[in-house]
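Inside the fold
Letter by letter, the chains look like this.
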Amino acid sequence: GWDILFFWVARMVFMGMTLCGEVPFNQVLLHAMVRDAHGRKMSKSLGNVIDPLDVIQGITLQALQDRLDKGNLDPKEVQKAKDGQKRDFPAGIPECGTDALRFALCAYTSQGRDINLNVLRVEGYRHFCNKLWNATKFAMMNIEGYKPGPLPPKDQLGSAEKWILSRLQEAVAVSIKGFEEYDFASSTTAIYGFFLYEFCDVYLELSKASFAQGSDTPQANAAKAVLYHCIEISMRLIHPYMPFVSEELWQRLARKDSDPESIMVAPYPEKQESLVDPQAEAEIKFMQDATGQVRSMRDSYGIKPSQKPTVYVQCRSEELQKIMKGQSVNLATLAKAGEVKVVGSPEEVEKGCGMRPVGDAMQVYVVLKGMVDVDAEIAKLEKTIGAKSKESAKIEEQKAAPSWDKVPDNVREQTTAKGESLKVELEALGQALASFQELKALQ
């Protein structure tokens, strides 16, 4: 516990001064106490002790309980411990590996002086290790034969390349700051978020369009350089937390003559201000917002992944219209659309589309003709409108009743707010129904 840590540190200082004649260190980081997922202190009698080796290598529930039988626990406590193990680890502890456990413990430090260790979260970071491996494998397939060198000039990079390089600088800056302030949670979050949600989910998908045009085009060559740069920097960025997988993947990348033999002695990345690009970040943000609404409509209308509907983007300013025209290919790639048409007014959009606003800057339309079962959607909407109308009518009855004045103020506020919300929903549902009825008339 915390009460005896001082004596351990003092002993190390005494040994250093006695044997080496100097204080061995100037700073001491006291990590949090690791507890079980429920916040309880680990205890053999509760059966909630988690051996790090079991998390690294994995273990079955039966093996965990056999270990209790062979231990020196009081027989009365054995069954209680077994029940605790069965409740917390019904399928045993999955094999997570050293890197996932290290990363999880560092990410957990945001909880303060205690870590409530949930093995499922550690397993999630094992999946992240798989993502690192697969993303690097994809990159190596597409940069085969690439000789590492400086990045192309910015005027030779597309908006997606400028964006991902700019986001990488933010991840580097946050990670460095996290190390300097011993805030490992923010450091791991920045690295995890960049690699998973920006590099893998967005840039890797967008780069496929560049490679589809040919492996030796200017766009493909720029994508190769940026892919290599992001992977190589990411491995060095994550190495202190995941030393094994990062070393393995770094060694598989093409090397520069000036590179050291191991990532362990390679310099930690530094932020490059010249690669920060607020304009590219703003442009990609507009595209991502539009993509989110198109995907939402695909889910709402049950459009199959294999179907690629035409998408219209109606912008409310000429400047945004110019930006979105430049982002039309990226939007089509991420939204799995057949064609993206950027227009300036609703009159330019063909009939029979579903519509969603994207903030107050633009609206996106998805052509639904031939994509959905119109009759089924009309029936679904009519059923929903009927249910919502009854609910709204019931609230109006409550408000018109003589006893309404006796209802507590907070209840009246909640009921009134719910009634207003239902009116807004019914208006939107009515517009959607009218759109489908119009679409049916066009068939």
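Scroll up to find the structure this text is about.
We now turn to the structure provided with this report. (Residues numbered from 1 in each chain as written. Predicted model: local features only at pLDDT ≥ 70, side-chain atom pairs only at ≥ 80, totals over all residues. Heavy atoms only, no water.)

Our next topic: a nonpolar patch on the surface. On the surface, Ile4, Phe6, Phe7, Trp8 and Met12 cluster together into a nonpolar patch covering about 590 Å² of accessible area. Within the secondary structure, Phe6 sits in helix α1 (residues 2-20). (Patch = residues over 30% accessible without salt bridge, like charges linked within 9 Å, V, L, I, M, F, W, Y side chains within 5 Å. Areas by Shrake-Rupley, 256 points an atom, 1.4 Å probe, with all protein chains shown as cover. Salt bridge = Lys/Arg side-chain N within 4 Å of Asp/Glu carboxyl O. Helix = DSSP H or I, 4+ residues; strand = E, 2+ residues; numbered from the N terminus.)

Each packed pair of helices is defined by two parameters, the angle between the axes and the distance between the axes. Where helix α7 (residues 159-180) contacts helix α9 (residues 218-238), the axes come no closer than 11 Å and their chain directions differ by 10°. Relative to α9, α7 is oriented roughly parallel. Counting all contacts with α7, which are made through Glu161, Ile164, Leu165, Leu168, Ala171, Val172 and Ser175, the residues of α9 involved are Ala222, Ala223, Val226, His229, Cys230, Ile233, Ser234 and Leu237. For the contact of α7 with α9, a count of residues per class yields 11 nonpolar, three polar and one charged. (Axes fitted to C-alpha atoms, helices over the stretch in contact; angles between N-to-C directions. Parallel < 35°, antiparallel > 145°, perpendicular 65-115°, else oblique. Contact = heavy atoms within 4.5 Å. Nonpolar A, V, L, I, M, F, W, Y, C, P; charged D, E, K, R; others polar.)

Okay, the layout of surface pockets next. The method is simple in principle: a probe with the dimensions of a water molecule rolls over the atoms, and the space it marks as empty is what remains. Quantified by volume, the largest pocket comes out at close to 690 Å³. As for the largest pocket, its lining consists of 25 residues, of which Cys353, Met355, Gln431, Ala432 and Ser435 are closest to the centre. Within the residue set of the lining of the largest pocket, elements represented by two or more residues are α11 (278-301), β5 (353-358), α14 (374-400) and α15 (409-442). The dominant element in the lining of the largest pocket, judged by the number of residues it contributes, is α15, at seven residues. Of the residues contributing to the lining of the largest pocket, the split by class is 12 nonpolar, six polar and seven charged. (1 Å grid on protein atoms, 1.4 Å probe; cavity = no way out; pocket = protein on both sides within 12 Å on 5 of 7 lines; lining within 4 Å. Points joined across faces, edges and corners; volume = space filled by probe spheres on them.)

Within this structure, the stated rule accounts for 20 salt bridges. The residue Asp36 makes a salt bridge to Arg40 at a minimum N-O spacing of 2.8 Å. Judged by relative accessible area, which is 25%, Arg40 ranks as partly exposed. Note that Arg252 is salt-bridged to Glu248, the shortest N-O span being 3.0 Å. Placement of the pair is Arg252 and Glu248 together in helix α10 (residues 243-252), with a separation of four residues, close to one helical turn. (Buried < 20%, exposed > 50% of the residue type's maximum accessible area, 1.4 Å probe, protein only.)

Below, the discussion takes up the nonpolar core. Core analysis: the biggest nonpolar cluster contains 108 residues, and Phe195, Phe199 and Val313 have the highest contact counts within it. Element by element, the count of residues in this core is highest for α9, at 13 residues. Setting aside residues up to four positions removed in sequence, Val313 forms contacts with Met324, Leu331, Val340, Lys341, Val342, Val343, Met362, Gln363 and Val364. Grouped together as the second largest cluster of nonpolar side chains are six residues, Tyr312, Val343, Val349 and Tyr365 included. (Core = buried A, V, L, I, M, F, W, Y, C linked by side-chain atoms within 4.5 Å.)

Moving on to the environment of Ala434. Tracing the backbone through its elements, the reader meets Ala434 in helix α15. Spatially, the C-alpha atom of Ala434 lies 9.0 Å from that of Ile378, the residues being 56 residues apart in sequence.

The backbone phi angle of Tyr182 is positive, close to 55°, even though this residue is not glycine. Take Tyr182: it is sitting in the loop between α7 and α8 (184-212). Phi at Lys336 takes a positive value of approximately 55°, unusual for a residue other than glycine. When its relative accessible area of 43% is taken as the criterion, Lys336 is described as partly exposed.

At a minimum axis distance of 9 Å, the contact between α9 and α10 shows a crossing angle of 155°. The angle between the axes of α9 and α10 places the two elements in the roughly antiparallel class. In this structure, α9 crosses over α10, and the sense of that crossing is left-handed. Here α9 contributes Glu232, Met235, Arg236 and Ile238 to the contact with α10, which in turn contributes Ser246, Leu249 and Trp250. (Left-handed = near helix turned anticlockwise from the far one by under 90°.)

So, on to the side chain of Thr188. Along the chain, Thr188 turns up in helix α8. Apart from residues lying up to four places away in sequence, Thr188 is in contact with Phe103, Cys106, Ala107 and Tyr241.

Here we come to helix α5 (residues 98-107). By the burial criterion, the buried members of α5 are Asp99, Ala100, Leu101, Phe103, Ala104 and Ala107. On its buried face, α5 is in contact with α2 (52-57), α6 (119-142), α8, α9 and α10.

Next up on the list: the sheet that holds strand β6 (residues 362-367). Spatial strand order, β4-β3-β6-β5: four strands in an open sheet with mixed pairing. Each having just a single partner strand, β4 (339-343) and β5 make up the two edges of the open sheet. The mean inter-strand angle of the sheet, taken between neighbouring strand axes irrespective of direction, is 20°. α11 contacts β3 (310-315), β5 and β6 of the sheet and is inclined by roughly 140° relative to β5. (Pairing = 2+ DSSP bridges.)

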